Amino acid sequence: MKKTFVTLEKLKEIAEHYPTPYHLYDEKGIRENARRLKQAFSWNPGFKEYFAVKATPTPAILKILHEEGCGTDCSSLTELMMSERCGITGEEIMFSSNATPPEEFLKARELGAIINLDDYTHVEFLNKLCGIPKKICCRFNPGGYFTISNQIMDNPSEQKYGMTKEQMIQAYRRLMELGAEEFGIHAFLASNTLSNEYYPKLASQLFELAVELRRETGANITFINLSGGIGIPYKPEQPENDIMAIGEGVRKAYESILTPAGMGHVAIFTELGRFMLGPYGCLVARAIHEKHIYKEYIGLDACAVNLMRPAMYGAYHHITVMGKEDQRPDHVYDITGSLCENNDKFAIDRPLPKIDIGDFIVIHDTGAHGFSMGYNYNGKLRSAELLLQEDGSVRLIRRAETPEDYFATVIFD
Ligand SMILES: *Cc1c(COP(=O)(O)O)cnc(C)c1O
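Residues numbered from 1 in each chain as written. Predicted model: local features only at pLDDT ≥ 70, side-chain atom pairs only at ≥ 80, totals over all residues. Heavy atoms only, no water.

**Q** With reference to specific residues and values, describe the site of the ligand.
**A** As a structural note, the neighbourhood of the ligand is formed by 14 residues, with Lys54, Gly229, Glu271, Arg274 and His369 the closest of them. Side-chain polar atom of glutamate 271 to a nitrogen atom of the ligand: 2.7 Å apart, as the coordinates give it. Its free accessible area being 390 Å², the ligand has 92% of it covered by the protein chains. Here the shell around the ligand is composed, by residue class, of three nonpolar, six polar and five charged. (Near = heavy atom within 4 Å. Polar contact = N/O pair within 3.5 Å; in protein donor to acceptor, adjacent residues only side chain to side chain. Areas by Shrake-Rupley, 256 points an atom, 1.4 Å probe, with all protein chains shown as cover. Nonpolar A, V, L, I, M, F, W, Y, C, P; charged D, E, K, R; others polar.)

Spelled out as structure tokens, the structure:
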């Protein structure tokens, strides 16, 4: 059984101030999880999580994570600007972009961010633009398939990111000629993994590469960035990742590969998004229509612009009908939004208790890649974001869009 972090009583209280739909975040859950991650990697003195801003680009969230010791992983101009305005600058920013526009490199350089180059050609591009910083990172793509115990997790050879090993060697050499003194390695090879083996397996590959790169180029490698990819159980029957076991798996790889090579000073970085926020956010909506044709439909006041993952990837998001947690799921519904797009369905053929008009519907695990993927199709407006604070009070952290926001960029005459 998947539980909501908010009670029906609380939702009724919130309803006195804020209409549905809205995204709600759980401060306590976010902080506790961030502390667990830190604990899991406490064996590595240089460890740092750079939260992937694209997952939840909301200042209140970035500040909470910053208080817990996290920096930011940015990949666009506005993400860099948001980070700056949250007081997160310098080497607390990892700039992991691709097909990067020049003004974004310039902003990253101005802020003193650690720049992670996606391609060999970016070495000269960055050098011409603003010179090479002393500390720099290169993104690796090993090609082929990424497997764990003979199971294919992802297909890096079809991914647009990163450099081949030969290009990594060339890039390091050229960067050293251009004045770089400290190097990092980055790779993101599989997304939303539910396996305690992903990070340790990735880490082993990158640690071996680090030893080889140092041997080939003499580069001073000071950090390895395992990036994102640790997943969350969206479905009730899926097992959770054990972050302690993951940290321990990475430690074993570190001690068997890096330490014997005299590289026991290397810092481990992560750029987790989904794992940091996914379970600690939900989309709160209300049932506003029911419809009985060839199937049973419940229409919500939220739609795919508030949460795109089901429409875009057919992603599963668990749904709780608030106040009916203990009732039998003896109805089968399609739960829909109001877009003129038939894929605007939060759930298809979902067994749920009987839903009545006005019921609060909580859509789980929307804390990452939820609000942030929102868009304005059909002239629909983005919702508010609220924070359930540790003391139980609720704070508005982003207001809902108004029609005036929507019209702000159009030219009527
Ligand atoms: C999206 C992304 C992340 C975060 O991924 P999650 O799946 O949310 O952990 C980290 N790093 C980079 C470069 C990304 O593009």
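Continuing now.
**Q** Give me the lowdown on the domain arrangement of the protein, citing residues and values where you can.
**A** What the domain assignment reports for the protein is domain 1 (8-23 + 279-407) and domain 2 (41-272). Here the C-alpha centre of domain 2 lies 33 Å away from the C-alpha centre of domain 1. Contact with domain 1, which involves 16 residues of that partner, is made by 13 residues of domain 2. Here domain 1 and domain 2 share an interface that buries about 1200 Å² over both sides, 63% of which is from carbon and sulfur atoms. Joining domain 1 to domain 2, the criterion identifies zero salt bridges. Taken together, the links from domain 1 to domain 2 amount to seven residue pairs in polar contact (both at pLDDT 80 or more). Elements represented by at least two residues in the side of domain 1 that touches domain 2 include exactly strand S18 (384-388) and strand S19 (394-398). (Domains from an automatic or database assignment. Contact = heavy atoms within 4.5 Å. Buried area = accessible area lost by both parts, 1.4 Å probe. Salt bridge = Lys/Arg side-chain N within 4 Å of Asp/Glu carboxyl O. Helix = DSSP H or I, 4+ residues; strand = E, 2+ residues; numbered from the N terminus.)

**Q** Can you lay out the sheet that holds strand S4 (residues 93-96) for me, pointing to particular residues and giving the numbers?
**A** What the eight strands build is a closed barrel, ordered S2-S3-S4-S5-S6-S9-S10-S11; its pairing is parallel. This sheet shows a mean twist of 25° between the axes of neighbouring strands, independent of strand direction. Bridge count for strand S5 (residues 114-117) against strand S6 (residues 135-139) is three bridges, and the pairing is parallel. Of the residues in S6, the one forming a bridge with isoleucine 115 is isoleucine 136. (Pairing = 2+ DSSP bridges. Axes fitted to C-alpha atoms, helices over the stretch in contact; angles between N-to-C directions.)

**Q** So what's going on with the pattern of salt bridges? Which residues, and what values?
**A** Overall, the coordinates contain 28 salt bridges when judged by the stated rule. Arginine 31 is paired through a salt bridge with glutamate 27; the nearest N and O atoms lie 3.0 Å apart. Of this pair, arginine 31 and glutamate 27 both sit in helix H2 (residues 27-40), four residues apart, which is roughly one turn of that helix. For arginine 399, the salt bridge identified is with aspartate 405, shortest N-O distance 2.6 Å. Linked through salt bridges whose partners overlap, the residues forming this network are Glu27, Arg31, Arg35, Glu67, Glu68 and Glu390.

**Q** Could you give me a rundown of the packing of helix H5 (residues 102-111) against helix H6 (residues 121-130), with the residues and numbers involved?
**A** For the pair H5 and H6, the least separation of the axes is 10 Å and the interaxial angle reads 70°. Here H6 runs roughly perpendicular to H5, going by the angle between their axes. The chirality of how H5 crosses H6 is right-handed. Side by side, H5 and H6 meet where Pro102, Phe105, Leu106 and Arg109 of the first sit next to His122, Phe125, Leu126, Leu129 and Cys130 of the second. Its residues assigned to classes, the contact of H5 with H6 comprises seven nonpolar, one polar and one charged. (Parallel < 35°, antiparallel > 145°, perpendicular 65-115°, else oblique. Left-handed = near helix turned anticlockwise from the far one by under 90°.)

**Q** Give a detailed account of the packing of aromatic side chains, specifying residues and quantitative values.
**A** Counted by the stated rule, this structure contains 14 aromatic pairs. With centroids separated by 4.7 Å and ring planes inclined at 10°, the aromatic side chains of phenylalanine 41 and phenylalanine 47 adopt a geometry described as stacked. Per residue, the accessibility class of phenylalanine 41 equals that of phenylalanine 47, and both read buried. Each ring, one from tyrosine 50 and one from phenylalanine 269, has its centre 5.1 Å from the other, and the planes form 65°; the classification is edge-to-face. You can see tyrosine 50 sitting in strand S2 (residues 48-52) and its partner phenylalanine 269 sitting in strand S11 (residues 267-270), a full 219 residues away along the chain. Feature note: the residues Phe41, Trp43, Phe47, Phe146, Tyr198, Tyr199, Phe207 and Tyr254 constitute an aromatic cluster, connected by ring pairs. (Phe/Tyr/Trp six-rings, centres within 6.5 Å; stacked < 30°, edge-to-face > 60°. Buried < 20%, exposed > 50% of the residue type's maximum accessible area, 1.4 Å probe, protein only.)

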